[in-house]
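Fold and geometry: a report
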Amino acid sequence: MDERTALRTLAAELPGAGDDAAVVGAQVVTTDMLHDSTDFPAGTTRYTAGWRAVGASLSDVAAMGADATAAVAAYGAPTLDEDELRAFVGGARDVCESVGAEYVGGDLDTHDEFTVATTAIGDSEDPVLRSGASPGEVVCVTGALGRSAAGLRAFEAGDVERGNDLFRFPPRVASGVALAPYATAMMDSSDGLARSLHQLAEASDCGFAVSWDSLPVHDAVADYAAGDGDEREMAAYFGEDFELVFTVPESDLAAVRAAVPVSVTVVGDVTDDAVVADGDPVPDEGYTHASDE
């Protein structure tokens, strides 16, 4: 089974799952696993790995409209090198501090592949789920798309310093908290915008009509795009951007833009069915958390 099939198989066993994080009382909790072969290109520093791994879980907290409070990580590697460990913890601590959370430790073990499992928790009295979108609303994204795709291209081109910089994305916790009073449905774009739209559509029993020209594309994408259509591929399908994708009544847009500390772009409308862009079906394609081997 692929990842999504496996998750659907377990859905009946885990009725509380299905959003970016699980809701436990007034808290949300989420966990993620990243691997050297699928998530950390050659040249990724341990500092960047710590930032990115913990940041991925903080992004899930943000997607629930929750205020992140703490994170932990389980770290496994073929050898437990002191400099690498210190660098990893430094990245994990700094990304937590960037959103007002605390990195409180974790676990260590040897493993045949560098692998990190992270958990983050946050506080929310009224978390935002994926299931509240309604036709007539608009669908928006924070920030810009394609940052991680450009980062991977930078690593592949040997521009390791820029690759590491692009891979250290800012988790949108403050934006998620600001959006919580307004967003009717929300998730992060870790699987790519196209797949996120399909996931929101499935959860909310709705559709989306978006415009390709409306997508906010990260400046770095132009530096690494290979030609016609590649910028769209990097922005809409690659994933791992960790921006927020959310729906909101159009009447609340002015208030949303005033409250959210980063740019908010309307990319389309919520409809009754189907996910389309410029009138054509959008494939349910995006990032897959699995090795090609």
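Residues numbered from 1 in each chain as written. Predicted model: local features only at pLDDT ≥ 70, side-chain atom pairs only at ≥ 80, totals over all residues. Heavy atoms only, no water.

Here we take up the nonpolar core. It is characteristic of soluble globular proteins that their nonpolar side chains tend to be buried jointly. One finds V54, L58, F88, F114, L179 and F246 to be the most contacted residues of the largest nonpolar core, which totals 45 residues. Of all the elements, helix α3 (residues 46-63) adds the most residues to this core, at eight residues. Residues within four places of L179 in sequence aside, it is in contact with T142, M186, L244, F246, V256 and V260. The next biggest cluster of nonpolar side chains, apart from the first, holds 25 residues, and it includes V139, L193, L197 and F208. (Core = buried A, V, L, I, M, F, W, Y, C linked by side-chain atoms within 4.5 Å. Buried < 20%, exposed > 50% of the residue type's maximum accessible area, 1.4 Å probe, protein only. Helix = DSSP H or I, 4+ residues; strand = E, 2+ residues; numbered from the N terminus. Contact = heavy atoms within 4.5 Å.)

Right, let's get into the UniProt feature "binding site: Mg(2+) 3" (unreviewed entry) in the protein. Under the present numbering, the feature "binding site: Mg(2+) 3" (unreviewed entry) in UniProt falls on D20, D60 and D188. Taken together, the annotated residues stretch across 169 residues yet fold into one region, lying no more than 7.5 Å apart by C-alpha. Since its relative accessible area comes to 6%, D20 is described here as buried. For D60, the location among the structural elements is in helix α3. The buried category is assigned to D60, whose relative accessible area is 8%. (UniProt positions renumbered as here; feature names shortened; annotations may be inferred.)

Let's shift gears to the side chain of S204. If you trace the backbone, S204 turns up in helix α8 (residues 193-204). Within the structure, the side chain of S204 is placed 2.7 Å from the backbone oxygen of R130, a separation counted as a polar contact. Those residues within four positions of S204 in sequence are excluded, and the remaining contacts are R130, S131, G132, A133 and A185. (Polar contact = N/O pair within 3.5 Å; in protein donor to acceptor, adjacent residues only side chain to side chain.)

With that settled, the discussion passes to the sheet that holds strand β8 (residues 207-210). In spatial order, the strands read β7-β9-β6-β10-β8-β11-β12; together these seven strands make up an open sheet with mixed pairing. Two strands bound the open sheet, and with one partner strand each, they are β7 (185-188) and β12 (280-281). Note that β8 and strand β11 (residues 275-277) share three bridges and pair parallel. Looking across to β11, one finds that A209 is bridged to V276. Strands β7 and β9 (244-248) of the sheet are contacted by α3, whose axis makes an angle of about 175° with β7. (Pairing = 2+ DSSP bridges. Axes fitted to C-alpha atoms, helices over the stretch in contact; angles between N-to-C directions.)

Per the UniProt record, the feature "binding site: ATP" (unreviewed entry) sits at G106, D107, R130 and S190. These annotated residues cover 85 residues of sequence, and their C-alpha atoms reach 31.4 Å apart at the extremes, leaving them scattered rather than at a single site. Note on placement: R130 falls in the loop between β5 (115-123) and β6 (138-142). For R130, the side chain forms a polar contact with the side chain of D20, separated by 2.9 Å. With respect to the helices, strands and loops of the structure, S190 is situated in the loop between β7 and α8.

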